[in-house]
Amino acid sequence: MSFVKDTKEVFRETGLHFRTGVSYMLPILLIGGLLGSVSMLGTNSDAEIWKVLKHIGEIGMSFFVPMMAAYIAYSMADTPGLAPGFIVGILANETQSGYLGALLGGILVGYITFMLLKIELPKLWQSSWGMVIPVVSTTIVSLFLVFIVGPPLAIMMESMSVFFSNLSESGGAALGGIMGILGGFDYGGPFSKTQSTFATAAMDLNVFTPLGITGAIVTIPPLGLCLATFLSPKLYTKTEKDYAKSSWLYSLIAGFTEIAIPLAMNDLIRATVATVAGCLVGGSIAGFFALELYTPVLGIPQWFFYNNIYVYIGSVVSGVITTALLVNLLKSISNRDIKAIEASEESI
Amino acid sequence: MKIALITSCMAGIAHSKMAATALKKEAEKRGHQMSIEEQGGHKVPVKLKPEEIEEADIIIIAKAVTISGKDRFKNKPTLDVSVNKAVRKPKEIMDKAEELYNNIENK
C-alpha cells in the first residue's frame, strides 16, 4: 500500500522540511532582530519613533517560532498544512514550550495533515473532507502539545534558560568549544545547523551567548583557509589560490561558513581537522568572555550588535590563525601532489 | 539540449548560487543551454520565464529546502537532486541528466 511508502518518504525528508521552515523564518528574524537592535540606540530618548521600532521588533521576535512551525507543515502537506502549522506554532509559543515545541508540533501537524489528505472517500464526501482535514489535524496536535509533551518541554526550556543565565566562565568556554566543534565540522551542513538552531532556540529564551559564539565561529573556516593559501602558496593549486583571493573579502562581508567548501573539498580530512580546531579555539574564547550577539545577522551587520566587539575580534583572529597554521602544517607533512591535481583540473 | 535549473538553499545566499554556478559550467562545457532560478530565504527571486520552462527538454531541481512553484514543472521530465551533491559532483548530475534526456528521445 502506498501509505507505508508515503510515510517513509515524508519522514526521510524531515530534514528538508525543517530547513524549509527555517528558510521562511530567517527574514522574520532579520526584521525583528535588526529593528529591535536599532531601537536600542534610542534607549535614552523619549521620542515615539524608538518605541514604535522596538514594538515592531518585538512582533518579529514573537512571531518567528510560529512562522517556522507553519512552514514546516506547509513543506510537508502543502497549503492545507499552513494554517494548522501557524496555530500549533502560536500555541507552542504560549505554552512556553517555545522553539522545540514548535519544531515538534510543526512536524507532527504537517505529517498528520499529509496523511489525512491521503484518505480516499466516496466522491460525495471527498470535497467536504478537504475542509475537515486542517481542523482535525490541528485539534489532535494541539491537544497533544498542551496535555502531553507541552509541560515537560516547558520545564526543559525553563531549565535551559536558568542554566544559561548562570553560566560560569569555564562553562561558557566548554559550551563555546562544543559549538565550535560542531560549527567547524561540516561547513554549513547538518552539524553546523544543529549548533545554529540551538543558538536561535536560546535566543528565544533571551540568552544571547550561544548566538555570540555562533557569530564568532561562522567566518573562521573560510577566513582561516584563505589565510592559509596566502601563507604558503606552494601547498595549493592555482584554482584554490584564485578562489581564496576573491573570497576572503566576501566571507568578511557576508559571513558564511559555506564559502570554505571549495577550499576544503579537495583535501577534506586535513581541512576539517584544521577548521574544527580553529572553531574550537574561537568558540571557547567567545564563550569564556560571554560574548553576546543580539541579532541573528551575519557578516558586517553583526559588528554593531555585539556586547563586546574586542572579544569578537579576538576570538575570530585566534580561530583563523589556528586554522591557517594547522592546515598548512598538516598539508606540508603530507604528500599532496599539487601538479597532478592541477593537471586533472585542466583536463576537465 | 535545453535545461532549466532550479536551486534552493536555506538562506538563499551560498549553496544555491554555488550549485547553479557548478552545474552551469558543466552544462556549457558539454554544449547544453541552461537557464537558472535560485530560491531561498533571503533571495530576491528571479523566476524562470514560462517560455524557458516550455522550451526546456529537462528540468533539474537541486534543493536543500522545498522549492516554491513546483506546479510549473508538472508535465516535464524532472531530475531531483540535493543541492550539496550539485556543488560537489556536478559531472555526475549532468551524466544523469543526459541519460534522462536520451531515454526520452529514444522512446
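Preceding this paragraph is the structure being described.
The structure reproduced in this document is the subject of the present report. The shown structure was predicted, so the numbers you read here are calculated from the model rather than taken from an experiment. (Residues numbered from 1 in each chain as written. Chains lettered and ligands numbered in written order. Predicted model: local features only at pLDDT ≥ 70, side-chain atom pairs only at ≥ 80, totals over all residues. Heavy atoms only, no water.)

### So, the overall build of chain A
Put simply, the rule reads: Runs of H or I in DSSP of at least four residues are treated as helices and runs of E of at least two as strands, each being numbered from the N terminus. When a residue's accessible area, from a 1.4 Å probe over protein chains only, is under 20% of the maximum for its type it is buried; when over 50% it is exposed; and in between it is partly exposed. The contact rule is simple, with two residues in contact once any of their heavy atoms fall within 4.5 Å.
A tally of helices and strands in chain A yields 15 helices and 0 strands. Of all 348 residues assigned to chain A, the portion counted as buried reaches 49%. Partitioning the intrachain contacts of chain A with sequence separation of at least 6 by distance along the chain shows that 76% fall at a separation of at least 24.

### Focus: the overall build of chain B
When its secondary structure is counted, chain B shows 4 helices and 4 strands. Listed by position from the N terminus, the elements making up chain B come as β-α-β-α-β-β-α-α. For chain B, the proportion of its 107 residues judged to be buried stands at 47%. Taking contacts inside chain B between residues at least 6 apart in sequence as the whole, the part at least 24 apart equals 62%.

### Considering the pattern of salt bridges
Residue and element names in this part refer to chain B. Put simply, the rule is: Salt bridges are defined as contacts in which a side-chain nitrogen from Lys or Arg sits within 4 Å of a carboxyl oxygen from Asp or Glu.
Counted by the stated rule, this structure contains 9 salt bridges over all chains. In this structure, Lys24 engages Glu28 in a salt bridge whose closest nitrogen and oxygen atoms are separated by 3.9 Å. Of the two residues, Lys24 and Glu28 both sit in helix α1 (residues 15-29), 4 residues apart, roughly one turn of that helix. Asp95 is paired through a salt bridge with Arg30; the nearest N and O atoms lie 2.8 Å apart. Placement of Asp95 in helix α4 (residues 90-106) and of Arg30 in the loop between α1 and β2 (33-40) is noted, with a sequence separation of 65 residues between them. Of the residues examined, Asp95 reaches a relative accessible area of 40% and is grouped as partly exposed. Overall, Arg30 belongs to the partly exposed group, its relative accessible area being 26%.

### Considerations on unusual backbone geometry
Residues and elements named next belong to chain A. The phi dihedral of Asp78 falls on the positive side, at around 60°, and the residue is not glycine. By the element assignment, Asp78 lies in the loop between α3 (48-77) and α4 (79-94). For Asp78, a relative accessible area of 47% corresponds to the partly exposed category.

### Regarding the pairing of strand β4 (residues 78-82) of chain B
Here is the key point about a regular strand: its side chains alternate between the two faces of the sheet. Residue and element names in this part refer to chain B. Here is the rule: At least two DSSP bridges between two strands are needed for those strands to be called paired.
Residues of β4 alternate between two faces, with Leu79 and Val81 buried on one and Thr78, Asp80 and Ser82 left unburied on the opposite face. For strand β3 (residues 58-63) and β4, the ladder comprises 5 bridges, and the chain directions are parallel. Counterpart to Ala62 in the pairing with β4 is Val81.

### Here's the deal with the nonpolar core
Rule in force here: By convention a nonpolar core is built from buried Ala, Val, Leu, Ile, Met, Phe, Trp, Tyr and Cys residues, the set being connected through side-chain atoms within 4.5 Å. Domain ranges listed in this record stem from an automatic or a database domain assignment.
By size, the foremost hydrophobic cluster in this structure holds 65 residues, and its most contacted members are Phe18, Met25, Phe64, Met68, Ile72, Tyr99 and Leu291 of chain A. For this core, the element with the most residues is α3 of chain A, which contributes 11 residues. Composition of this core by domain shows at least three residues from each of domain 1 (2-165) and domain 2 (169-347) of chain A. Not counting the four nearest positions on each side in its chain, Ile72 of chain A is found in contact with His17, Phe18, Gly21, Leu103, Gly106 and Ile107 of chain A. Of all hydrophobic cores here, the second largest spans 37 residues; its members include Ala271 of chain A together with Met1, Ala19 and Ala62 of chain B.

### Thoughts on the sheet that holds β3 of chain B
Residue and element names in this part refer to chain B. Formally: Axis lines are fitted through C-alpha atoms, for helices just across the contact stretch, and the angle between N-to-C directions can take any value from 0 to 180 degrees.
Pairing in this open sheet of 4 strands is parallel, and the strands run β2-β1-β3-β4 from one edge to the other. The open sheet has two free edges, formed respectively by β2 and β4, since each of these has just one partner strand. Averaged over all adjacent pairs, the angle separating strand axes in this sheet is 15°, with direction ignored. Most of the contacts of α4 go to β3, to which it runs at about 150°, and overall it touches β1 (2-9), β2, β3 and β4.

### Focus: the packing of aromatic side chains
Residue and element names in this part refer to chain A. Put simply, the test is: Under the pairing criterion, centres of Phe, Tyr and Trp rings, with the six-membered ring standing for Trp, must be within 6.5 Å; the plane angle then separates stacked pairs below 30 degrees from edge-to-face pairs above 60, leaving the rest tilted.
Overall, the coordinates contain 7 aromatic pairs over all chains when judged by the stated rule. Relative to Tyr74, the ring of Tyr24 has its centre 6.5 Å away and its plane inclined at 80°; by these criteria the two rings are edge-to-face. Taken together, the positions of Tyr24 in helix α2 (residues 14-40) and Tyr74 in helix α3 put the pair 50 residues apart, joining distant regions of the chain. Ring centres of Phe63 and Phe86 lie 6.2 Å apart, and the angle between their planes is 50°; on these two criteria the pair is classed as tilted. Highlighted residues: Phe63 in helix α3 and Phe86 in helix α4, separated in sequence by 23 residues. A relative accessible area of 34% means that Phe63 is categorised as partly exposed.

### Quick word on helix α11 (residues 238-254) of chain A
All names here are of chain A. To keep it simple, the criterion reads: Any helix carries an expected span of 1.5 Å times its number of residues minus one. To get the bend at any residue, fit one axis to the seven residues that end at it and another to the seven that begin at it, then take the angle between the two axes.
With 17 residues, α11 ought to run about 24 Å at 1.5 Å a step, and its terminal C-alpha atoms sit 24 Å apart, in line with that. Maximal helix bending in α11 amounts to about 40°, located at Ser247. Three or more residues of α11 are buried, namely Glu240, Ala244, Ser247, Ser251 and Ala254. Of the surrounding elements, those touching the buried residues of α11 are α10 (220-231) and α12 (261-265). In the segment just after α11, Gly255 is the residue with positive phi, at about 70°.

### Observations regarding the interface of chain A and chain B
Applicable threshold: A simple way to read buried area is as the amount of 1.4 Å-probe accessible surface that goes missing from two parts once joined, with both sides added. Identification of polar contacts relies on pairs of N or O atoms within 3.5 Å, with a donor-acceptor requirement for protein atoms, meaning one able to donate a hydrogen and the other able to accept it, and with residues adjacent in sequence counted only if both atoms are side-chain atoms. Under the scheme applied here, ten amino acids are nonpolar (Ala, Val, Leu, Ile, Met, Phe, Trp, Tyr, Cys and Pro), four are charged (Asp, Glu, Lys and Arg), and all others, including Gly, are polar.
Contact residues are listed per partner, giving 20 residues for chain A and 19 residues for chain B. Around 1,700 Å² of area is buried between chain A and chain B when both sides are counted, 71% of it from carbon and sulfur atoms. Across the contact surface, chain A and chain B share 0 salt bridges. Linking chain A with chain B are 3 residue pairs in polar contact (both at pLDDT 80 or more). When contributions to the side of chain A that touches chain B are tallied by element, the ones reaching two or more residues are α2 and α12 of chain A. Broken down by element, the side of chain A that touches chain B gets its largest block of residues, 10 residues, from α2 of chain A. Residues that form the side of chain A that touches chain B fall into these classes: 13 nonpolar, 4 polar and 3 charged.

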